[in-house]
Amino acid sequence: MRFDLDKTFHLHEQSLYLGARRTALIASNLANVDTPHYKARDVDFFSVMRSVQRQDNAEQTTLTDARHMQPGGGSALEAEALYRHPYQANIDENTVEADVEKAKFAETAVHYQTTLTFLGDKIQGMLRALKGQS
């Protein structure tokens, strides 16, 4: 049986990349909290990860005819940064809300740490399997 590390770790890789990218966007938003006309940006983490998962599942199907639809989906590398709509308008048209950004930052940190934990557990399981341990 063939074992493909790329397929095994692909979802985790994409999640970590997206988490790092989102952290950078949030940090940029917080750095510009007092910049007039600055528009807060973010990446829709769950939407992008669903798209990556669909892509991974679609690649597992076998195309038997060149006229069949090609698998489509997304990649965290291609995720578009969207503008965030503020809960409350600001007089200088800046859409950064520090409390919202801090909450999004904490959420992203939890997702990032969770992905690292899952990845570590998966690697430990693989190492146990290779050593013949249960």
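Data block above holds the structure.
A. Region of the structure containing the overall build of the protein. For the protein, the helix and strand inventory stands at 3 helices and 2 strands. Ordering the α and β elements of the protein from the N terminus gives α-β-α-β-α. Taken over 134 residues, the protein has a buried fraction of 29%. Put simply, of all contacts in the protein between residues at least 6 apart along the chain, 74% involve residues at least 24 apart.

B. Geometry of the nonpolar core. The biggest cluster of nonpolar side chains holds 9 residues, and these are Leu18, Leu25, Val43, Phe45, Val48, Met49, Val52, Ala79 and Ala81. Taken together, the elements giving at least two residues each to this core come down to α1 (5-31) and α2 (45-59). For this core, the element with the most residues is α2, which contributes 4 residues.

C. How the structure looks around the packing of aromatic side chains. Taken as a whole and judged by the stated rule, the model has 1 aromatic pair. The cationic tip of arginine 41 hangs over the ring face of tyrosine 83; the distance from NZ or CZ to the ring centre is 5.5 Å.

D. Main features of α1. Taking 1.5 Å per residue, 27 residues should reach 39 Å; α1 reaches 38 Å between its end C-alpha atoms and fits that length. Its axis deflected by about 35° at leucine 11, α1 carries its strongest bend there. Taken together, the buried positions of α1 are Thr8, Phe9, His12, Gln14, Ser15, Leu16, Leu18, Gly19, Arg22, Leu25, Ile26 and Asn29.

E. Quick peek at helix α3 (residues 98-131). In this model α3 runs 49 Å from its N-terminal to its C-terminal C-alpha over 34 residues, within 8% of the 50 Å that 1.5 Å per residue would give. For α3, the complete set of buried residues consists of Val100, Glu101, Thr108, Thr115 and Leu119. Considering only its buried residues, α3 is in contact with α1. Directly after α3, the chain includes glycine 132, whose backbone phi takes a positive value near 80°.

F. Summary view of the pattern of salt bridges. Counted according to the given criterion, the structure contains 4 salt bridges. When the shortest N-O distance is used, the salt bridge between glutamate 107 and arginine 22 registers 3.0 Å. A residue pair is termed long-range when its members are at least 10 positions apart, and glutamate 107 in helix α3 and arginine 22 in helix α1 qualify at 85 residues. The class for arginine 22 is buried, based on a relative accessible area of 4%. One salt bridge connects aspartate 42 with arginine 84, and the closest N-O pair in it is separated by 2.3 Å. Here the residue aspartate 42 occupies a position in strand β1 (residues 41-42), and arginine 84 occupies one in the loop between β2 (82-83) and α3, the gap between them amounting to 42 residues. The network of salt bridges with common partners includes Arg22, Asp42, Arg84, Glu101 and Glu107.

G. Just unusual backbone geometry, in detail. Positive phi is not limited to glycine here, since histidine 37 has a value of about 70°. The class of histidine 37 is exposed, set by a relative accessible area of 51%. Phi at glutamate 93 takes a positive value of approximately 65°, unusual for a residue other than glycine.

Definitions and limits used
- Residues numbered from 1 in each chain as written.
- Predicted model: local features only at pLDDT ≥ 70, side-chain atom pairs only at ≥ 80, totals over all residues.
- Heavy atoms only, no water.
- Helix = DSSP H or I, 4+ residues; strand = E, 2+ residues; numbered from the N terminus.
- Buried < 20%, exposed > 50% of the residue type's maximum accessible area, 1.4 Å probe, protein only.
- Contact = heavy atoms within 4.5 Å.
- Core = buried A, V, L, I, M, F, W, Y, C linked by side-chain atoms within 4.5 Å.
- Phe/Tyr/Trp six-rings, centres within 6.5 Å; stacked < 30°, edge-to-face > 60°.
- Lys NZ or Arg CZ within 6 Å of the ring centre and 35° of its normal.
- Expected span 1.5 Å × (residues − 1).
- Bend = angle between axes of the 7 residues up to and from the residue.
- Salt bridge = Lys/Arg side-chain N within 4 Å of Asp/Glu carboxyl O.

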